[in-house]
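Coordinate analysis (summary)
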Amino acid sequence: MLVPSRRNWTEDVSACQALVNAGAIDAASRVAVAAEKRRTAVEVANCFVRIKEIESFANVEQKRLGELGATERCRISETERSKRSDRMAGVAEVSVKEGARTQREAVKAWQHVSNHATTVHAHVAEAQLRHSWLNFSAWDKLVGAQSSDAHDRRC
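What comes next concerns the included structure. Everything numeric here is computed off the predicted structure, so don't read it as measured data.

A tally of helices and strands in the protein yields one helix and zero strands. Within the span of the protein, comprising 155 residues, buried residues form 2% of the whole. Accessible area of the protein: about 13900 Å², with a carbon and sulfur share of 63%.

What follows is the structure, given as structure tokens:
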């Protein structure tokens, strides 16, 4: 600290004013530093609030995208299941049509075989009748010839 000397009163006043000014500057400087620290603390707090806000938005967006992805996967799965069901229905329809066609063809084949068998049986029966008729005719001729021989002998 400066001790004023009695040499020059104006010098002492200017020295005192310099001291007061230095103290005021020091105090003002301290006030400015404290104010700056408070502003810095407030700005840091505002930055933390903004970071939390952005993190919150990011979490919401992540959940939204996750749900959107799950919904899309479910939609794709259901679409594929629907396609498989349509293909299975088409296969079943073709199978039923082919089964009915096969059944109709089998019935036609049995009818053809039955008609052919009936025709063959008729031919066989006719052949048997002819054969038996021929045998009967031959028998009749034979019997008739013998009976005419016997009749001739009697007469």
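On we go.
The next point concerns the pattern of salt bridges. Going through the model one piece at a time under the given rule, you end up with ten salt bridges. The shortest N-O distance in the salt bridge between Arg 39 and Glu 36 comes to 3.2 Å. Placement of both Arg 39 and Glu 36 in helix H1 (residues 9–154) is noted, with a separation of three residues, approximately one turn of the helix. With a relative accessible area of 49%, Arg 39 lands in the partly exposed category. Overall, Glu 36 belongs to the partly exposed group, its relative accessible area being 42%. For Glu 80, the salt bridge identified is with Lys 83, shortest N-O distance 3.6 Å.

This next bit is on a nonpolar patch on the surface. Taken together, the side chains of Val 44, Phe 48 and Ile 51 define a hydrophobic patch exposed on the protein surface, amounting to about 280 Å² of accessible area. In this structure, Ile 51 sits in helix H1. A relative accessible area of 42% places Ile 51 in the partly exposed class.

Criteria and thresholds
Sequence order as written defines residue numbering, which begins from 1 separately in each chain. Local features are withheld for residues below a pLDDT of 70 in this predicted model, meaning they are given only at 70 or higher, and side-chain atom pairs are given and counted only at 80 or more; totals for whole chains, interfaces and linings count all residues. Heavy atoms throughout the structure, all of them, feed into the side-chain values; hydrogens and water do not. Each helix is a run of H or I in the DSSP string that is no shorter than four residues. Each strand is a run of E no shorter than two, and both are numbered from the N terminus. Burial classification: accessible surface area is computed with a 1.4 Å probe over protein chains only, and a residue below 20% of its type maximum counts as buried, one above 50% as exposed, and the rest as partly exposed. What sets the accessible areas is the Shrake-Rupley method with a 1.4 Å probe; for residues, cover comes only from the shown protein chains. Whenever a carboxyl oxygen of Asp or Glu lies within 4 Å of a side-chain nitrogen of Lys or Arg, that contact is scored as a salt bridge. Every patch collects residues that have over 30% relative accessible area and no salt bridge, joining them within 9 Å if they carry like charges and within 5 Å if they are nonpolar side chains (Val, Leu, Ile, Met, Phe, Trp, Tyr).

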